[in-house]
Amino acid sequence: MRRTVHIALALLALLTAASPSRADFIKNYAQWQVLGPDGQAAYAMGMFDVMTVFIDNDKFIAARAMGLRACGVALQLKGNMLVQAINRFYADHPNSRNVTPFIAFNSYLERGACSPFINQARKEMGLPLMKAAPEPEAQ
């Protein structure tokens, strides 16, 4: 348990220091698998945490952060739930196993389960609603 907490804190520190576009030090499904369940949960929660606090004076980013926070509270999201969503993405898109877990997170959480919450925040801020994400292309 103590090791898991240390891993989680280390991953969170690395993710917090990086913008969301730089949070992808796990580059693909194979590297994701190497993390194991505890590492995956820590990494996924780190991504979620970064996405919910990174505002940068941009209304679109602020709406995403507010929507993700509301989604997390309403759905009572936990690390293992985020891992399930990311793993489901990889299972549903076997040709996309070369994309990062961040892409999987974006596709199945930000543009999926959490999109109603993000769109509500966007609406409240006078922003256009978010469109569905296109299917990822293998690179």
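Only a predicted model underlies this, so the values are computations on that prediction, with no experimental measurement involved.

A. A look at the overall build of the chain. Looking only at helices and strands, the chain features six helices and zero strands. N-terminal to C-terminal, the α/β element order of the chain is α-α-α-α-α-α. Residue burial in the chain is summarised as follows: out of 139 residues, 42% are buried. The long-range share in the chain, meaning contacts at least 24 apart out of those at least 6 apart in sequence, stands at 61%.

B. Structural view of the state of the cysteines. Within the structure shown, the criterion is met by one disulfide. Sulfur-sulfur distance for the disulfide between cysteine 71 and cysteine 114 comes to 2.0 Å. Across the S-S bond of cysteine 71 and cysteine 114 the torsion is about -65°, and the bridge reads as left-handed. Of this pair, cysteine 71 sits in helix H3 (residues 59-74) while cysteine 114 sits in the loop between helix H5 (101-113) and helix H6 (115-124), and the two are 43 residues apart along the sequence.

C. Region of the structure containing unusual backbone geometry. At glutamine 76, a position not held by glycine, the phi torsion is positive, near 50°. Looking at the secondary structure, you find glutamine 76 in the loop between H3 and helix H4 (79-92).

D. Seen up close, the packing of helix H2 (residues 29-53) against H5. It is at 11 Å that the axes of H2 and H5 come closest, and there the two elements cross at 60°. Looking at the two axes, H2 sits oblique to H5. For the crossing formed where H2 meets H5, the hand is right-handed. Contact residues: H2 offers Trp32, Tyr43, Met47, Phe48 and Met51, while H5 offers Pro101, Phe102, Phe105 and Glu110. Looking at side-chain class alone, the contact of H2 with H5 contains eight nonpolar, no polar and one charged residues.

E. Geometry of the packing of aromatic side chains. Applying the stated rule across the entire model yields five aromatic pairs. Arranged with centres 6.4 Å apart and planes meeting at 70°, the rings of phenylalanine 48 and phenylalanine 105 form a pair that is edge-to-face. Here phenylalanine 48 is found in helix H2, whereas its partner phenylalanine 105 is found in helix H5, with 57 residues between them in sequence. For the pair shown, phenylalanine 48 and phenylalanine 105 are each scored as buried. Of the aromatic side chains, those joined through ring pairs into one cluster are Tyr29, Phe89, Tyr90 and Tyr108. For arginine 97, the ring lying beneath its charged end belongs to tyrosine 29, and the centroid distance is 4.2 Å.

F. Spotlight on the packing of H3 against H6. Following both chains from N to C, one finds H3 and H6 inclined at 135°, their axes separated by 7 Å at the closest point. In terms of orientation, H3 and H6 fall into the oblique class. H6 is crossed by H3, and the crossing has right-handed handedness. Counted together, Phe60, Ala63, Arg64, Met66, Gly67, Leu68, Ala70, Cys71 and Ala74 of H3 and Phe117, Ile118, Ala121 and Arg122 of H6 form the full contact between these two elements. Counted by class, the contact of H3 with H6 contains ten nonpolar, one polar and two charged residues.

G. Quick peek at H4. An ideal rise of 1.5 Å per residue puts 20 Å on 14 residues; H4 measures up with 20 Å between its terminal C-alpha atoms. Those residues of H4 that fall on the buried side of the exposure criterion are Gly79, Leu82, Val83, Ala85, Ile86, Phe89 and Tyr90. In an axial view of H4, the angular spread of the buried residues amounts to 160°, which keeps them on one side of the axis. In the core, the buried residues of H4 are packed alongside H2 and H5.

Quick notes on the rules
- Residues numbered from 1 in each chain as written.
- Predicted model: local features only at pLDDT ≥ 70, side-chain atom pairs only at ≥ 80, totals over all residues.
- Heavy atoms only, no water.
- Helix = DSSP H or I, 4+ residues; strand = E, 2+ residues; numbered from the N terminus.
- Buried < 20%, exposed > 50% of the residue type's maximum accessible area, 1.4 Å probe, protein only.
- Contact = heavy atoms within 4.5 Å.
- Disulfide = S-S within 2.5 Å.
- Axes fitted to C-alpha atoms, helices over the stretch in contact; angles between N-to-C directions.
- Parallel < 35°, antiparallel > 145°, perpendicular 65-115°, else oblique.
- Left-handed = near helix turned anticlockwise from the far one by under 90°.
- Nonpolar A, V, L, I, M, F, W, Y, C, P; charged D, E, K, R; others polar.
- Phe/Tyr/Trp six-rings, centres within 6.5 Å; stacked < 30°, edge-to-face > 60°.
- Lys NZ or Arg CZ within 6 Å of the ring centre and 35° of its normal.
- Expected span 1.5 Å × (residues − 1).
- Arc of directions from axis to C-beta.

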